[in-house]
Amino acid sequence: MIEAKDLSKSYPTTTAVQGVSLHVGPGEVVGVVGPHGAGKTTLLRMLAGLLAPSAGEAIVAGVSTAAQPFRIKSRVGFVSGDQPLPPHPTPRELLIQQGQLQGLSKDVMERRLEDLINTFEMERFAALPCATLTAEQRQRTNLACAFMKDPAVLILDEPTHSLDMLSSRFLHITIRAAREAGLSVLLSSSALGDAESLCDRVVLLHRGRVLDQGTIPEVCGHVGVRSLSDAFLWHLPQLSA
Ligand SMILES: Nc1ncnc2c1ncn2[C@@H]1O[C@H](COP(=O)(O)OP(=O)(O)OP(=O)(O)O)[C@@H](O)[C@H]1O
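Note that the structure is predicted; figures quoted are calculated from it, not measured.

Engineer: Lay out unusual backbone geometry with the relevant residues and their values.
Structural biologist: A positive phi angle, near 50°, is found at Ala61, a position not held by glycine. Tracing the backbone shows Ala61 in the loop between β4 (55-60) and β5 (63-64). Relative accessible area serves as the criterion here: at 14%, Ala61 is assigned to the buried category. Positive phi, normally seen in glycine, also occurs at Glu121, with a value near 45°. You can see Glu121 is positioned in the loop between α4 (106-119) and α5 (135-148).

Shown next, in the form of structure tokens:
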């Protein structure tokens, strides 16, 4: 589960995230939606334990960002759409490394390794150096590494970035399976289509602030429009008024 309360992140020249509160329950997919620079990456990195908040607190997979931010890292599967991989190791080697970091026993590691290579259909490329992989194969490898932690929470920053239609379909299937398995999934997207087809609820973010949140019908209904993009656009003049 993710429970964020008044989370903020300030830099000397800008406030990237301002007072964001949100909730993601088990078996729920929530999308943080907003344009470039809205604060999506900053928010997700704080929730993944990769960045310390300037104010506010979040409980993620039972761990507080305020008390033990770095314990969150080992409990959360975090994947960013443009996450590079080291060029020389193979996906199989990276998965083993991840399992060792988690302190998995040899038996559990081997079982999980074979399961993940099978689930993410990595057989054809699991033994190739990462430098030779396509964008889709890199994304499958990053996802498999995230699942090596057997996480209760999955945080995906722009997960369809650089994927084509077929690869995106695979990602959608993976996210739906994670939801079925009871994981809490938080993803960010600047493309509204991902949110519309995947998310149980959305959080509209702009200039670091939440404009609105709820199911898509709720967010549209609050302002009397029919589409998520119209709902987003409705809020903009209100901000400058
Ligand atoms: N380390 C940093 N130092 C200073 N400003 C930063 C830093 N990281 C992010 N920002 C600023 O915070 C704001 C939010 O950035 P962030 O990357 O979180 O947005 P985003 O919604 O993920 O955008 P994009 O879709 O382009 O990745 C931007 O104005 C950005 O320039």
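Engineer: Lay out the sheet that holds strand β3 (residues 29-33) in plain terms, naming residues and giving numbers.
Structural biologist: Taken in spatial order, the six strands make up an open sheet running β6-β7-β8-β3-β9-β10, and their pairing is mixed. Edge positions in the sheet fall to β6 (76-80) and β10 (209-214), since each has one partner strand and no second. Averaged over all pairs of adjacent strands, the angle between their axes in this sheet comes to 15°, without regard to strand direction. Where strand β9 (residues 201-206) lies against β10, five bridges are found, and the strand directions are antiparallel. In the sheet register, Leu205 faces β10, and the bridge partner there is Val210. Against the sheet, α5 touches β6 and β7 (153-157), its axis set at about 165° to β6. Against the sheet, helix α8 (residues 216-223) engages β9 and β10, with an angle of about 115° to β10.

Thresholds, definitions, all that
For every chain, the first residue of its written sequence is number 1, and the numbers climb from 1 along that sequence. Reporting in this predicted model follows two pLDDT cut-offs: at least 70 for local features of residues, and 80 or more for side-chain atom pairs to be given and counted; totals over whole chains, interfaces and linings ignore these cut-offs and use all residues. Hydrogens and water molecules were not included; the side-chain quantities draw on all heavy atoms of the structure. Only DSSP runs of H or I with at least four residues qualify as helices, and only runs of E with at least two residues qualify as strands; both kinds are numbered from the N terminus onward. When a residue's accessible area, from a 1.4 Å probe over protein chains only, is under 20% of the maximum for its type it is buried; when over 50% it is exposed; and in between it is partly exposed. Only strands that DSSP links by at least two bridges are regarded as paired with each other. Angles here are taken between N-to-C directions and fall from 0 to 180 degrees, while the axes themselves are lines fitted to C-alpha atoms, restricted in helices to the stretch in contact. In this description, contact between two residues means that some pair of their heavy atoms is separated by no more than 4.5 Å.

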